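# Tertiary structure, described
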Amino acid sequence: MNQDNNIHKTANFAVLSVSFEKADAETRGKFAFFDDNIKHFVNEIHEENLGDAFVVSTCNRTEIYTTSQNYLLIAELYCKTIGVSLTEFMQYVNILKHEEALNHLFRVAAGLESQIIGDFEIIGQIKNAYHRFKKEKKNSNPFLERAINSAIQISKRIKNETGISNGAASVSYAAVHYILKNQTQISEKNILLLGVGEIGQNTVENLVKHVYKPKVKVANRTSEKAEKIAEKYKIPHIAFESLQEELSQTDILIVATGAQHPIINKSHFPNGKETLVIDLSIPNNVERNVTENTNVSLVDVDELSLHISETMLQRQKEIPKAEGIIREMTKDFIEWEKKRKLAPNIHHFKAVLKNMERNEMHNIHKKHKYVDVNDMQLSDKLIQKITNRFAKYIIDNPLKAEELSKLMHEILVEQPNNEFNEKH
């Protein structure tokens, strides 16, 4: 009858979030988390026996999701891993705990907490982040598994059942939207996309979709990736080593790289050519000093987000529907968790009933040399019905679960055993 207190994880679940709401793009860049950090971070968590955690780091947010009993130690370890001070981190972080943390995860997955409401790129980023951490972990975490799967289901339902993603307005689309609105004769402009990660690929897709025969080329440090994207969209690619030469002919440069420091600066634009630079990277991969060059203009993620207000007004009308789905799925999650927490009590109760059934069936068979199949099926149904009643009661009254389980054990197991021993 001993319960594993670690099964009930919402009591420990917490989110430490640094997002666009408190921190600008430059500040968010300081707290960005890179794949290179994962192995060390996970190993340290396990060595310190701190429970579990994974990190989602995107252009708009860096969030630590943890089931540790001490989230501040996780925060301290995180800051040590990325090389920032805990004091500075705490200036910008929002901390959510228990069901608020769960609700936050679901809202983020639904695109309700994105800088661009309804941005469904985030659910892919959450899935990928979790799976990258999972590869390094030694033990599975049923709570996090269920939470991520619920987040995925919420995202799917909201996408299918509401109009919150109508009028595509992701960061990658926002870049293309900005170009369409602010540039003339776009089909004649030489566009270079630097970086072909998830955001870079989405940007290419939006360019091809919304610009008639765009003159776009791609470049990437890893040439194989650039070749694959170029082949997929039937566009040219250039060697990364040819970047400087290509920039002299570029009208629009879109930077979607994932470097830890700026890789584009004013030295890349020495000729005074009119160039629009769009930086989709967090941390910024373009130094602000590029605008010191005549005719070079720079737009970053934060500025792009201001250019899609009309779409946002339409999407905001769909928020109540999305929140209704989240409430429904959160209720399901909490019910699952309660059942999981009390599963040992329920399984024990059912096992006792099954044991009583076996004994009675044995006695019937001993007396009549026969047991009717219909009787057995009826017996199974009764046991399941009684078990369901018991389960519902202790789930609805969790504080009475231990007391009632003990009482049932005394009535159904100990008392019959005592009576048997007295007779024999």
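Located above this text is the structure these notes cover.
Residues numbered from 1 in each chain as written. Predicted model: local features only at pLDDT ≥ 70, side-chain atom pairs only at ≥ 80, totals over all residues. Heavy atoms only, no water.

Secondary-structure assignment places Thr162 in the loop between α7 (142-161) and α8 (171-182). For Thr162, a relative accessible area of 9% puts it in the buried group. In terms of polar contacts, Thr162 uses its side chain to reach the backbone carbonyl oxygen of Ile158, at 2.7 Å. Polar side-chain contacts of Thr162 include one of 3.2 Å to the backbone nitrogen of Ile164. If we skip the residues at most four places from it in the chain, Thr162 touches Arg157, Glu318, Lys321, Ala322 and Ile325. (Helix = DSSP H or I, 4+ residues; strand = E, 2+ residues; numbered from the N terminus. Buried < 20%, exposed > 50% of the residue type's maximum accessible area, 1.4 Å probe, protein only. Polar contact = N/O pair within 3.5 Å; in protein donor to acceptor, adjacent residues only side chain to side chain. Contact = heavy atoms within 4.5 Å.)

The five strands lie next to each other as β6-β5-β7-β8-β9, forming an open sheet whose pairing is parallel. Only two strands of the sheet have a single neighbouring strand rather than two, namely β6 (215-219) and β9 (296-300). The mean inter-strand angle of the sheet, taken between neighbouring strand axes irrespective of direction, is 15°. With five bridges joining them, strand β8 (residues 275-279) and β9 adopt parallel strand pairing. Bridge pairing in β9 links Thr275 to Val296. Contacting β7 (252-255), β8 and β9, α8 runs over the sheet at an angle of about 160° to β8. (Pairing = 2+ DSSP bridges. Axes fitted to C-alpha atoms, helices over the stretch in contact; angles between N-to-C directions.)

Let's shift gears to the nonpolar core. Nonpolar side chains tend toward joint burial in soluble globular proteins. Of all hydrophobic cores here, the largest spans 97 residues; its most connected members are Phe13, Phe41, Phe89, Ile158, Ile254, Ile278 and Leu280. Those residues in contact with Ile158, other than ones at most four positions away along the chain, are Ala110, Phe120, Ile164, Ala322, Ile325 and Ile326. (Core = buried A, V, L, I, M, F, W, Y, C linked by side-chain atoms within 4.5 Å.)

For α7, spanning 20 residues, the distance from its first C-alpha to its last is 28 Å, which sits close to the expected 28 Å at 1.5 Å a residue. Of all the residues in α7, the buried ones are Phe143, Leu144, Ala147, Ile148, Ser150, Ala151, Ile152, Ile154, Ser155 and Ile158. In this structure, the buried side of α7 is in contact with β2 (53-57), α5 (98-109), α6 (121-136) and α14 (319-368). You can read the cap of α7 off the contacts: a side-chain oxygen lies 3.1 Å from the backbone nitrogen of Phe143, and it is on Asn141. (Expected span 1.5 Å × (residues − 1).)

Turning our attention to the pairing of strand β1 (residues 14-19). Counting buried residues in β1 gives six out of six residues, a clear majority hidden from the surface. Inspection of the sheet shows β1 paired to strand β3 (residues 61-66) by six bridges, in the antiparallel sense. Residue pairing across strands places Ser17 opposite Glu63, the latter belonging to β3. Two strands pair when backbone bridges link them, and β1 and strand β4 (residues 94-97) are joined in this way by four bridges, in the antiparallel orientation. Bridging across to β4, Ser17 finds its partner in Asn94.

With that settled, consider the sheet that holds β4. Reading across from one edge, β2-β3-β1-β4 is the order of the four strands in this open sheet, with antiparallel pairing throughout. On the outer flanks of this sheet lie β2 and β4, each paired with one strand and no other. On average, adjacent strands in this sheet sit at an angle of 15° to one another, irrespective of strand direction. When β2 meets β3, the two strands line up antiparallel, connected through five bridges. Paired with Val56 across the strands is Glu63, a residue of β3. Together, β2 and β3 form the strand contacts of α6, whose direction differs from that of β2 by roughly 140°.

Moving on to helix α10 (residues 223-233). Of the residues making up α10, those classed as buried are Ala226, Ile229, Ala230 and Tyr233. For α10, the buried positions fall inside an angular range of 100° around the axis, keeping them on one side. Opposite the buried face of α10, at more than 90 degrees from it, the exposed residues are Lys228, Glu231 and Lys232. Check the buried side of α10 and you find it contacts α9 (198-210) and β6. With its phi angle positive at about 55°, Lys234 sits one or two positions after the end of α10. (Arc of directions from axis to C-beta.)

Attention now goes to the packing of α5 against α7. For the pair α5 and α7, interaxial distance at closest approach is 8 Å and the crossing angle is 40°. Classified by the interaxial angle, the pair formed by α5 and α7 is oblique. Our pair here, α5 against α7, has a crossing hand that is right-handed. Between α5 and α7, the contacting residues are Leu102, Leu105, Phe106 and Ala109 on the first element and Phe143, Ala147, Ser150, Ala151, Ile154 and Ser155 on the second. In terms of residue class, the contact of α5 with α7 is made up of eight nonpolar, two polar and no charged. (Parallel < 35°, antiparallel > 145°, perpendicular 65-115°, else oblique. Left-handed = near helix turned anticlockwise from the far one by under 90°. Nonpolar A, V, L, I, M, F, W, Y, C, P; charged D, E, K, R; others polar.)

In this section: the pattern of salt bridges. According to the stated counting rule, one finds 17 salt bridges in the structure shown. Glu88 is paired through a salt bridge with Lys30; the nearest N and O atoms lie 3.2 Å apart. A residue pair is termed long-range when its members are at least 10 positions apart, and Glu88 in helix α4 (residues 86-92) and Lys30 in helix α1 (residues 25-30) qualify at 58 residues. Since its relative accessible area comes to 42%, Lys30 is described here as partly exposed. Among the salt bridges present, the one from Lys354 reaches Asp380, with a minimum N-O distance of 2.9 Å. Of this pair, Lys354 sits in helix α14 while Asp380 sits in helix α15 (residues 373-396); the two residues are 26 residues apart in sequence, bridging distant segments of the chain. Residue classification places Asp380 among the partly exposed positions, given a relative accessible area of 36%. Linked through salt bridges whose partners overlap, the residues forming this network are Arg107, Glu113 and Glu323. (Salt bridge = Lys/Arg side-chain N within 4 Å of Asp/Glu carboxyl O.)

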